[in-house]
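One-letter residues, chain by chain:
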Amino acid sequence: MSENYIIETPYGAAGLVVRDRRGFVFFSAARQFDVLEGKSFASPQRAAAAAIRQSTNRTQHRGQ
């Protein structure tokens with residue numbers, strides 16, 4: 001049985017992680033998370049933390 005998790009941030013859906021031999025591979029659901037596309041994470045929680053950091057970085061840059 002596969003393990004898949006939807007990754008959400010306070011700003012909306014970021015993507016999906018799917019378990020493979022390396023860990024959990026990220027698949028982007030929105031352009032701002034494309035930088036995470038294909039990256040492997042040790043857990044869905046670590047992928048979510050990376051997505052939150054990415055969304056926070058994007059919103060900070062927009063305000064400048």
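Above: the structure in question.
Calculation criteria
Residues numbered from 1 in each chain as written. Predicted model: local features only at pLDDT ≥ 70, side-chain atom pairs only at ≥ 80, totals over all residues. Heavy atoms only, no water. Pairing = 2+ DSSP bridges. Helix = DSSP H or I, 4+ residues; strand = E, 2+ residues; numbered from the N terminus. Phe/Tyr/Trp six-rings, centres within 6.5 Å; stacked < 30°, edge-to-face > 60°. Buried < 20%, exposed > 50% of the residue type's maximum accessible area, 1.4 Å probe, protein only. Contact = heavy atoms within 4.5 Å.

(A) Looking closely at the pairing of strand E1 (residues 4-9). As paired strands, E1 and strand E2 (residues 12-20) are joined by six bridges and run antiparallel to one another. When the sheet's bridge partners are listed, Thr 9 is paired in E2 with Gly 12.

(B) Layout of the packing of aromatic side chains. Tallied over the entire structure, the rule returns two aromatic pairs. Between Phe 26 and Phe 41, the ring centres sit 6.5 Å apart and the planes meet at 70°, which makes this aromatic pair edge-to-face. In this pair, Phe 26 is assigned in strand E3 (residues 23-28) and Phe 41 in strand E4 (residues 40-41), connecting sequence segments 15 residues apart. Summarising the burial analysis for this pair, Phe 26 and Phe 41 share the class buried.

(C) A look at the environment of Phe 24. Locating Phe 24 in the fold gives a position in strand E3. Residue classification places Phe 24 among the buried positions, given a relative accessible area of 3%. Between the C-alpha atoms of Phe 24 and Tyr 5, which are 19 residues apart in sequence, the distance is 9.1 Å. Not counting chain neighbours up to four residues away, the residues in contact with Phe 24 comprise Glu 3, Tyr 5, Val 17, Val 18, Arg 19, Lys 39, Ser 40, Phe 41, Ala 42, Ser 43 and Pro 44.

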